[in-house]
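Now for the letters of each chain:
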Amino acid sequence: MSLRVDVEARRGDFSVAAAFEAAADETVALLGPNGAGKSTLVAVLAGIDPPTQGRVDLDGETLDDVDAGRHVPPERRPVGVVFQDRLLFPHLSAIENVAFPLRARGAQRRGARSRAAALLARFGIAERAEARPAGLSGGEAQRVALARALIHEPRLLLLDEPLASLDVRARTQVRALVRRELLAFPGVRLLVTHDPVEAMSLADRMVLVEEGRITQIGTPAEVRAAPRTQYAAELVGVNLFAGRLEPLETGAGRIVTPEGDVVVAWPAGAAGGVEAVIGLLRPADVSLHVQAPEGGSARNVLPGIVGSVSVEGERARVRIDSSPPVVAEVTLGSVERLGIREGTQLWASFKAVEVRVEVQAEAD
Amino acid sequence: MAASKRTTPAVFVLLAIVGIAFVALPLAGLAQRTPWSRAADVLTSDSSVTALRLSLVVATSAALLSLVMGFPVAWVLSRSTFPGRTMVRGLVILPLVMPPVVGGVALLSVFGRRGFLGGPLYDLFGVQLTFTTTAAVLAAAFVSFPLAVLVLEAGLRSLDLRLEDAAATLGGSRWYVLRRVTLPLLAPQMAAGLVLCWARALGEFGATITFAGNLQGRTQTLPLAVFERLQTDPEGAIALSLLLVAVSLAVIVGLRARFLATR
């Protein structure tokens, strides 16, 4: 049981190209910023928008094959979709919404309703069965949408931003339900989200989508350890410098990025020429100074204005608009002691050896 | 609310009274001139009862026909793009603007015994449409049809298409989605279209008398009966007119809750 996707799709001027696989025993998160093309991919997999190129296979059954002219229409796909805006039918009660997939497949009203009632009970909203969607809370409506997507026992479950429209309290409850149902679901599970916390807490593997292209595929731990793009780095809270690597004196080099240079230790085994590399720097390894530091061992000293300060527990993440920009993680005590606010002039410093350099495999 | 606290200028109040009087006075005149002593006789006369029954049958049939024919037209106009779509929409709306008598003449030229459809129909099957109740229904449907198209098209356009997509991913065939999602969601527009068409069909005169003629029991609807009586028995015509006013009033009262209340 598995899903194999290798498609190109177009929506207006926007094109999305994606190739990835998902097995039945894992939850794969499609993670990307808004407008990256995630919903377009959902529409392709659901069969609503046929792809312009490529193919989609589910458990050996070809759902799309543009070259062979094959396109299985949505109503004949073994797919259950929870849409971003839920899209519950406003004229049907909760139980009728959930029974809809069974009724559409020709089930008798009575049997369909009793199965829907059982599922609503499992989701803890049995007493809301006769309510119309307009009368449901966000959390209740999301449960109804999930029940509706599961009742016909699809082999591919597509959840498009299942928690995005919920307030904090409902989100916690529905997340627990989604996690439970994802684990219990026997088919391929695909979770579409822009929220890294959601992706990392619910998914076994992440497929990062940016501007219509897949930029990285890996487990949350792999992405956390080695983000490949600026977006991925920001997701996992790491500084990333992407650019050419130029040699300096023996054992040192310089990553030249469009936004400024960073001195790094020369990576073992790298050739002497110009290569595409990325450098990763943990924010905790960045020191902040109110005056230009002198006589230290830090090879990188970057002056800049504080762009933002965000507090997470006892720590604060300080973004310095230097060249290139960096994020530093310091204690709240340091923020107070150094008088760090937005707009303050600071110097950020870090040693060359603290930047982990990875030579890009696809260097061109 | 803020709006209700704002005072209305006296001039507007006066002008509004003039406007309301413009509608109310003729109705009052009708009531005032009604020969109440004879009204019961006129209204219970065979010709009146027949005309009333015929009017209800014709208006209801015409409204249903308009809705059934209007739906696919509204669908095509709202969901597909083709060259000349604007022109087609204009054409479809034309009967709303055109004088009904002209509509009657046009219908006659197609479905009349020498018309290019009516001719073969008569020659091959011996079917004659003119001067039948069917003709009265066709005439009334002809003039009310644009209303059905306009209301249904607006309804289809305001529909969230993603609901139909969702229904398809849940296993609904096109036909099933139409039946369980699209049509139920259009119910308010269906009802509004039905009422508008019915009201328009009830008052139809020009196209009916031209195309269907004025035959008691077959094509003589209430407006035609009023017109005929006016020439021989003006008092009776007034009594009949009052009957039409009563029918119209009944419709408005029946709809009050749904369509007339602004909030």
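Residues numbered from 1 in each chain as written. Chains lettered and ligands numbered in written order. Predicted model: local features only at pLDDT ≥ 70, side-chain atom pairs only at ≥ 80, totals over all residues.

On to the overall build of chain B. Helix and strand counts for chain B stand at 14 helices and zero strands. Its helices and strands taken in sequence order, chain B reads α-α-α-α-α-α-α-α-α-α-α-α-α-α from the N to the C terminus. Each principal axis of the C-alpha distribution contributes one length, and for chain B these read about 70 × 65 × 30 Å. (Helix = DSSP H or I, 4+ residues; strand = E, 2+ residues; numbered from the N terminus.)

Quick look at the overall build of chain A now. Along its length, chain A carries nine helices and 21 strands. For chain A, buried positions account for 40% of its 364 residues. Considering only contacts in chain A between residues 6 or more positions apart, those separated by 24 or more positions represent 63%. (Buried ≥ 20, exposed ≤ 12 C-beta atoms within 10 Å, placed from the backbone. Contact = placed C-beta atoms within 7 Å.)

Now for helix α1 (residues 38-46) of chain A. The element α1(A) is largely enclosed, with a buried count of eight among its nine residues. Phi turns positive one or two residues past the end of α1(A), at G47(A), with a value near 90 degrees.

All names here are of chain A. We note that the domain assignment places domain 1 (2-230) and domain 2 (240-359) within chain A. Averaged C-alpha coordinates put domain 1 and domain 2 at centres separated by 39 Å. Taken residue by residue, the interface counts four residues in domain 1 and five residues in domain 2. Tallied by class, residues from the side of domain 1 that touches domain 2 come to two nonpolar, one polar and one charged. (Domains from an automatic or database assignment. Nonpolar A, V, L, I, M, F, W, Y, C, P; charged D, E, K, R; others polar.)

Quick look at unusual backbone geometry now. Omega for the peptide link from S323(A) to P324(A) comes to -5 degrees, which places this bond in the cis form. Within the secondary structure, P324(A) is located in the loop between β18 (315-321) and β19 (326-331). The phi angle at E161(A) is positive, at roughly 45 degrees, despite the residue not being glycine. Examined against the element boundaries, E161(A) turns out to sit in the loop between β8 (156-160) and α5 (168-184). A positive phi is found at F131(B), a non-glycine position, where the angle reads about 65 degrees. Considering the arrangement of structural elements, one finds F131(B) in the loop between α7 (118-125) and α8 (133-158). Under the C-beta neighbour-count criterion, F131(B) is labelled partly exposed, with 16 such atoms within 10 Å.

Across the boundary between the two partners, chain B contributes 14 residues, which contact 17 residues of chain A. Of all the elements in the fold, those that place two or more residues in the side of chain B that touches chain A are α9 (161-169) and α10 (174-185) of chain B. For the side of chain B that touches chain A, the element with the highest residue contribution is α9(B), accounting for six residues. Residue composition of the side of chain B that touches chain A, grouped by class: eight nonpolar, four polar and two charged.

Residues and elements named next belong to chain A. The strand order across the open sheet formed by five strands is β16-β20-β17-β18-β19, and the pairing between neighbours is antiparallel. Only two strands of the sheet have a single partner each, and these edge strands are β16 (287-289) and β19. Within this sheet the neighbouring strands show an average axis-to-axis angle of 45 degrees, counted without direction. Strand direction decides the pairing type here: strand β17 (residues 300-312) and β18, joined by seven bridges, are antiparallel. Residue pairing in the sheet places V311 in a bridge with A316 of β18. (Pairing = 2+ DSSP bridges. Axes fitted to C-alpha atoms, helices over the stretch in contact; angles between N-to-C directions.)

This part covers the sheet that holds strand β13 (residues 252-257) of chain A. Residues and elements named next belong to chain A. Pairing in this open sheet of five strands is antiparallel, and the strands run β14-β13-β12-β15-β21 from one edge to the other. If you trace the sheet from one side to the other, it starts and ends with β14 (260-265) and β21 (356-359), each paired once. In this sheet, neighbouring strand axes are inclined to one another by 40 degrees on average, regardless of whether the strands run parallel or antiparallel. Here four bridges tie strand β15 (residues 275-281) to β21, and the two strands are oriented antiparallel to one another. When the sheet's bridge partners are listed, I278 is paired in β21 with E358.

The next point concerns the packing of α8(B) against helix α11 (residues 187-202) of chain B. All names here are of chain B. Running from N to C, α8 and α11 cross one another at 160 degrees; their axes reach a closest spacing of 8 Å. What the angle tells us is that α8 and α11 run roughly antiparallel. As for the relative orientation of α8 and α11, their crossing is right-handed in sense. Facing A140, V143, S144, L147, A148, V151, L152, A154 and G155 of α8, the residues of α11 in contact are Q189, A192, G193, L196, C197, R200 and A201. When the residues that make up the contact of α8 with α11 are grouped by side-chain class, the tally is 11 nonpolar, four polar and one charged. (Parallel < 35°, antiparallel > 145°, perpendicular 65-115°, else oblique. Left-handed = near helix turned anticlockwise from the far one by under 90°.)

Next up on the list: the environment of L88(A). Residue and element names in this part refer to chain A. Assignment of secondary structure puts L88 in the loop between β7 (79-82) and α2 (94-104). Accessibility expressed as a C-beta count within 10 Å gives 25 for L88, which makes it buried. Sequence separation between L88 and A134 is 46 residues; the distance between their C-alpha atoms is 9.4 Å. Contact partners of L88, with chain neighbours within four places excluded, come to N97, P133, A141, V144 and A145.

This next bit is on the nonpolar core. In this structure, A29(A), V98(A), L158(A) and L190(A) are the most contacted members of the largest nonpolar core, which totals 108 residues. Counting 53 residues, the second-largest nonpolar core is a separate cluster that includes A74(B), V143(B), W198(B) and I238(B). (Core = buried A, V, L, I, M, F, W, Y, C linked by C-beta atoms within 7 Å.)

Turning our eyes to something else, we now look at helix α6 (residues 100-111) of chain B. All names here are of chain B. Between its terminal C-alpha atoms α6 stretches 16 Å, which fits the 16 Å expected from 12 residues at 1.5 Å a residue. Restricting attention to buried positions, one finds in α6 the residues P100, G103, G104, L107, L108 and F111. Down the axis of α6, the buried side of the element spans an arc of 140 degrees, and every buried residue falls inside it. Where α6 is buried, its residues touch α5 (85-97), α7, α8 and α12 (206-211). (Expected span 1.5 Å × (residues − 1). Arc of directions from axis to C-beta.)

Below, the discussion takes up the pairing of strand β1 (residues 2-11) of chain A. Residue and element names in this part refer to chain A. In this structure, β1 lies alongside strand β2 (residues 14-23), joined through 10 bridges in antiparallel fashion. The residue of β2 that forms the bridge with S2 is A23. Count of turn residues in the β1/β2 antiparallel hairpin: two residues, of which G12 carries a positive phi of about 65 degrees. Pairing of β1 with strand β4 (residues 53-58), which is carried by six bridges, proceeds in the antiparallel orientation. Residue pairing in the sheet places D6 in a bridge with R55 of β4.

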